[in-house]
Amino acid sequence: MQFKPVTHVIFDMDGLIIESESAYKRILSSIAKQFGKEFTPEVELKILGTTEKDTAKIFLSELDISLSREEFLDLYHKQITVELQNPPLMPGVEKLIKHLAKHKVPIAVATSSSTQALSIKTKNHQHIFKLFHHIVCGTTDSDVKNGKPAPDIFLVCASRFPENPDPSKCLVLEDAPNGIKGAVSAGMQAVLVPAATLEEERRKSATLVVDSLEHFRPEQFGLPAFEL
């Protein structure tokens, strides 16, 4: 199947480039447990891909925990520092990033992370992250007014390429339904690489669904094909 050709590619980070979702699940389950609560899959799905501010708001409201947002984020950041020192790369992602960079396809990252969390998570993967033209951190970037599922982060990210491409020329790679919604709202095509447990209903708004980036074919979007 062919889709509309694109010129620029925007990557999500957590769960797409790095396998950090299991660490986030441990962190949030641990905080919930401290207050006698359970971090359920339903709450996890609502939080997936959101900024830290929205993560705090959803988590505290859904689990009815009487912490302030600042108190929650203090606990959260302490555990990020411990749990996310060296997350592994997701299957197929290094090959794809290097391939696009080699062929001079402009690439960037649109992550809901803060700059502080980004530096912790990427310090052992600089050989990959230095290939991106820029990285937008939704939690700490003043130009990103609303987090995913709003389109803001993707529009800001596109505007920072020197060519300032039209959103229709940008392809977004995401693992979270919140990110897919934001990308589609921004007028971009969006490839979903979901967790195996994500139900069918939440996959529907994606332009394309692949179970791993190992199976992604860039030529479907008019990008250079992998060499055989």
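Calculation criteria
Residues numbered from 1 in each chain as written. Predicted model: local features only at pLDDT ≥ 70, side-chain atom pairs only at ≥ 80, totals over all residues. Heavy atoms only, no water. Helix = DSSP H or I, 4+ residues; strand = E, 2+ residues; numbered from the N terminus. Rg over C-alpha atoms; globule rule 2.2 N^0.38 Å. Buried < 20%, exposed > 50% of the residue type's maximum accessible area, 1.4 Å probe, protein only. Contact = heavy atoms within 4.5 Å. Areas by Shrake-Rupley, 256 points an atom, 1.4 Å probe, with all protein chains shown as cover. Lys, Arg positive; Asp, Glu negative; His and termini not counted. Charge placed at Lys NZ, Arg CZ, Asp CG, Glu CD. Phe/Tyr/Trp six-rings, centres within 6.5 Å; stacked < 30°, edge-to-face > 60°. Lys NZ or Arg CZ within 6 Å of the ring centre and 35° of its normal. Salt bridge = Lys/Arg side-chain N within 4 Å of Asp/Glu carboxyl O. Pairing = 2+ DSSP bridges.

The protein has the name Pseudouridine-5'-phosphatase in an unreviewed UniProt entry, where Dendroctonus ponderosae is given as its organism.

Comments concerning the overall build of the protein
A tally of helices and strands in the protein yields nine helices and six strands. Relative to a compact globule of 228 residues, whose C-alpha radius of gyration would be 17 Å, the protein shows 17 Å and is just as compact. With the principal axes as the frame, the protein shows a C-alpha extent of 50 × 35 × 35 Å. Residues counted as buried form 52% of the 228 residues belonging to the protein. Across the protein, contacts joining residues at least 24 apart in sequence account for 69% of those joining residues at least 6 apart. Roughly 10700 Å² of accessible area belongs to the protein as shown, and the carbon and sulfur atoms make up 53% of that amount. Taken together, the 26 basic and 30 acidic charged side chains of the protein have centroids lying 3 Å from each other.

Some thoughts on the packing of aromatic side chains
Counted under the stated rule, the structure contains eight aromatic pairs. With a centroid separation of 5.9 Å and 45 degrees between ring planes, the pair formed by Phe129 and Phe132 is classed as tilted. Taken individually, Phe129 and Phe132 each receive the classification buried, so the pair is uniform in this respect. The rings of Tyr24, Phe39, Phe59, Phe72 and Tyr76 are connected pair by pair, giving a single aromatic cluster. One residue, Lys95, lies across the ring of Phe226, its end atom 4.4 Å from the ring centre.

Considering the pattern of salt bridges
With the rule as written, the count across this model stands at 14 salt bridges. Of the charged contacts, one joins Asp12 and Lys148 as a salt bridge, the two residues approaching to 3.0 Å between their closest N and O atoms. Taken as a pair, Asp12 in the loop between β1 (8-11) and α1 (21-34) and Lys148 in the loop between β3 (134-137) and α8 (152-159) lie far apart in primary sequence, 136 residues in all. Asp12 sits in the buried class, given a relative accessible area of 5%. Across the salt bridge formed by Glu44 and Lys25, the nearest N and O atoms sit 4.0 Å from each other. Of the two residues, Glu44 is situated in helix α2 (residues 41-47) and Lys25 in helix α1; the sequence distance between them amounts to 19 residues. The class for Lys25 is partly exposed, based on a relative accessible area of 41%. Among the ionic contacts, a cluster of salt bridges with common partners joins Asp12, Lys148 and Glu174.

Here's the deal with the sheet that holds strand β5 (residues 189-192)
Pairing in this open sheet of six strands is parallel, and the strands run β3-β2-β1-β4-β5-β6 from one edge to the other. Every interior strand has two partners, whereas the edge strands, β3 and β6 (208-209), have only one. Examined bridge by bridge, strand β2 (residues 107-111) and β3 share four bridges and lie parallel to one another. Paired with Thr111 across the bridge in β3 is Cys137.

Quick look at the environment of Ile65
When you line up the elements, Ile65 lands in the loop between α3 (52-62) and α4 (69-83). As for Ile65 and Leu173, which are separated by 108 residues in sequence, their C-alpha atoms are 33 Å apart. Apart from the residues lying within four places of it in its own chain, the contact partners of Ile65 are Ala32, Phe35, Lys37, Phe59 and Leu60.

Focus: the side chain of Glu52
Tracing the backbone through its elements, the reader meets Glu52 in helix α3. No salt bridge is formed by the buried Glu52. Its closest oppositely charged neighbour is Lys121, at 6.6 Å. Residue contacts for Glu52: discarding those within four places in its chain leaves Leu73, Tyr76, His77, Ile80, Ser112, Ser114, Ala117 and Thr139.

What about unusual backbone geometry?
Omega for the bond connecting Lys148 with Pro149 falls within 30 degrees of zero, at 15 degrees, which places this linkage in the cis form. For Pro149, the location among the structural elements is in the loop between β3 and α8. One non-glycine residue, Asp64, adopts positive backbone phi at about 55 degrees. Mapped onto the elements of the fold, Asp64 is located in the loop between α3 and α4. Backbone geometry places Lys104, a non-glycine residue, at a positive phi of 60 degrees. Locating Lys104 in the fold gives a position in the loop between α5 (93-102) and β2. According to the relative accessible area criterion, Lys104 is exposed, its value standing at 72%.

A closer look at the environment of Ala195
By secondary structure assignment, the location of Ala195 is in the loop between β5 and β6. The spacing of Ala195 and Leu16 is 179 residues in sequence and 9.9 Å in space, taken between C-alpha atoms.

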